[in-house]
Amino acid sequence: MSESEKIRQRLEAVLGTLPPGVGLVAVSKFHPAEAVRAAYDAGQRRFGESRVQELLAKEPVLPADIDWHFIGHLQTNKVRQLIGHVAMIESVDSQRLIDEIDRRSAEAGVVTKVLMQVHVAREETKFGWYPDELMEYFRQRRFEALRATHICGIMGMATNTDDTAIVAADFNAIALCKRRIEEICPDLRGFDVLSMGMSGDYPLAVKCGSTLVRVGTAIFGERQY
Ligand SMILES: *Cc1c(COP(=O)(O)O)cnc(C)c1O
């Protein structure tokens, strides 16, 4: 079987497990443009990348109707390069970052969609707002200062463990964050994305209310770093 055929089959297998209303970001980081092309030809339009240079290298050699989602840690000094090239930045982990996204989006005359990344995993290596910090952001309605950024929801990752009780607790904590924000700011509009779940845990994430899963390995195979 060709590599493209494998990608197509694995993509269809993943899609077959997702209930209606749950979207898929095919995470293509570290995989070549040809791999993206194979998934694109099978109908996939939303892809996830975690490095700015890699996204900017793939974008021009692939079809223009792809929605690129940025899912990696983003340094403020790289924001300007990314604006206008992404459908959504899922990994907003600080006030400094969202303010820079807003400033650069306004400058470019575009509105950038973002998700707030929340940190619940029991791993210090992961990024994101701590839940209390994020609640405070919304309680103080700091988003009202944004002119060119639309906060569409929350993204989060569970602890990397085989213990499904811990993973489920993390997903529930992420989902709870979103509900609490909706209680704090009942007037928020278009705040409906709950992005959680990766290759190893997305079925559980869906059970916990995920509306958007980010799946790489289960579609493209192991990454060569
Ligand atoms: C790499 C990555 C994924 C995909 O991980 P897989 O285990 O390959 O499915 C999902 N989300 C984020 C934030 C990532 O960095």
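Residue positions within a chain follow its written sequence, with the count starting from 1. Note on the predicted model: pLDDT of at least 70 is required for a residue's local features to be given, and 80 or more for side-chain atom pairs to be given and counted; whole-chain, interface and lining totals, by contrast, use all residues. Just so you know, side-chain values use all the structure's heavy atoms and leave hydrogens and water out.

Chemist: If you had to explain the site of the ligand to someone new, which residues and values would you point to?
Modeler: Around the ligand lies a shell formed by V27, K29, I71, M157, M198, S199, R214, V215, G216, T217 and R223. Here a polar contact is taken to be a pair of N or O atoms separated by no more than 3.5 Å, where protein atoms must pair a possible hydrogen donor with a possible acceptor and residues adjacent in sequence count only if both atoms sit in side chains. Interatomic distance of 2.7 Å between a side-chain N/O atom of K29 and an oxygen atom of the ligand. At a separation of 2.5 Å, an oxygen atom of the ligand approaches a polar side-chain atom of S199. A cavity, in this analysis, means grid points on a 1 Å lattice covering only the protein atoms where a 1.4 Å probe fits yet has no way out; a pocket is instead an open set bounded by protein on both sides within 12 Å along at least five of seven lines, and a residue lines either one if it has an atom within 4 Å of a point. Being in a pocket or cavity means that more than half of the molecule's atoms lie within 2 Å of its grid points. In this structure the site holding the ligand corresponds to the largest pocket. For this purpose, a residue is taken to be near a molecule or strand whenever a single non-hydrogen atom of the residue falls within 4 Å of it.

Chemist: Quick one: what's the story with empty space enclosed by the protein, residue by residue and with numbers?
Modeler: Grid points are joined across faces, edges and corners, and a volume is the space filled by probe spheres set on the points. What the rule picks out here adds up to one cavity of 30 Å³ or more. Volume-wise, the largest cavity comes out at about 40 Å³. For the lining of the largest cavity, a count of residues per class yields five nonpolar, two polar and one charged. Three classes are used: nonpolar for Ala, Val, Leu, Ile, Met, Phe, Trp, Tyr, Cys and Pro, charged for Asp, Glu, Lys and Arg, and polar for all others, with Gly counted as polar.

Chemist: Run through the packing of helix α1 (residues 3-17) against helix α2 (residues 33-41), naming residues and quoting values.
Modeler: Packed helix pairs are specified by the crossing angle of their axes together with the interaxial distance, meaning the distance between the axes. Between α1 and α2, the least distance of the axes is 9 Å, while the angle of their chain directions is 50°. Taken together, α1 and α2 sit at an angle that is classed as oblique. Where α1 crosses over α2, the two elements pack in a sense that is right-handed. In this structure, α1 contributes S4, I7, R8 and L11 to the contact, and α2 contributes A35, A38, A39 and D41. By residue class, the composition of the contact of α1 with α2 is five nonpolar, one polar and two charged. Note on geometry: axes are lines fitted to C-alpha atoms, helical ones only across the stretch in contact, with angles between N-to-C directions running from 0 to 180 degrees. Only DSSP runs of H or I reaching four residues or more are called helices, and only runs of E reaching two or more are called strands; each is numbered from the N terminus. When an angle is under 35 degrees it counts as roughly parallel; over 145 it counts as roughly antiparallel; between 65 and 115 it counts as roughly perpendicular; any other value is oblique. Take the far helix as your reference; a near helix turned counterclockwise from it by less than a right angle gives a left-handed crossing, and one turned clockwise gives a right-handed crossing. When checking whether two residues touch, look at their non-hydrogen atoms; a contact exists if any pair is within 4.5 Å.

Chemist: Account for unusual backbone geometry, naming residues and giving values.
Modeler: A positive phi angle, close to 70°, is found at F30, a residue other than glycine. The phi angle at R141 is positive, at roughly 50°, despite the residue not being glycine. Throughout this description, buried means an accessible area under 20% of the type-specific maximum (1.4 Å probe, protein chains only), exposed means over 50%, and partly exposed covers the range between. Residue classification places R141 among the partly exposed residues on the basis of a relative accessible area of 26%.

Chemist: Break down the pairing of strand β1 (residues 23-27) for me, with residues and values.
Modeler: With five of five residues buried, β1 lies mostly within the body of the structure. By the alternation rule, side chains of β1 split into G23, V25 and V27 and L24 and A26, which are all buried. Pairs of strands are assigned from DSSP output, requiring at least two bridges between the strands. In the sheet, β1 pairs with strand β8 (residues 212-215) via four bridges, with the strands oriented parallel. Bridge pairing in β8 places V25 opposite R214. Sheet analysis places β1 next to strand β2 (residues 46-49), joined by two bridges and oriented parallel.

Chemist: Would you mind going over the packing of aromatic side chains in detail, with residue names and values included?
Modeler: A ring pair, where both rings are aromatic, is described by two values, the distance of the centres and the angle of the planes. Centres within 6.5 Å make a pair out of two Phe, Tyr or Trp rings, where for Trp the six-membered ring is used; the pair is then stacked when the planes are under 30 degrees apart, edge-to-face when over 60, and tilted otherwise. Taken as a whole and assessed by the stated rule, the structure comprises six aromatic pairs. Judged by centre distance (5.8 Å) and plane angle (65°), the rings of F138 and F191 are edge-to-face. Taken together, the positions of F138 in helix α6 (residues 131-139) and F191 in the loop between α7 (164-184) and β7 (193-195) put the pair 53 residues apart, joining distant regions of the chain. A residue is classified by how much of its surface remains accessible, and F191, at 6% relative accessible area, is buried. Among the aromatic residues, those joined into a ring-pair cluster are W129, Y137, F138, F143 and F191. For R45, the ring lying beneath its charged end belongs to Y40, and the centroid distance is 3.6 Å. Its guanidinium or amino end placed over the ring of F30, R51 lies 4.0 Å from that ring's centre, counting from NZ or CZ. We count a charge as sitting over a ring when the NZ of a lysine or the CZ of an arginine lies within 6 Å of the ring centre and within 35 degrees of the ring normal.

Spatial relationships are all this shows, so hold off on functional conclusions.
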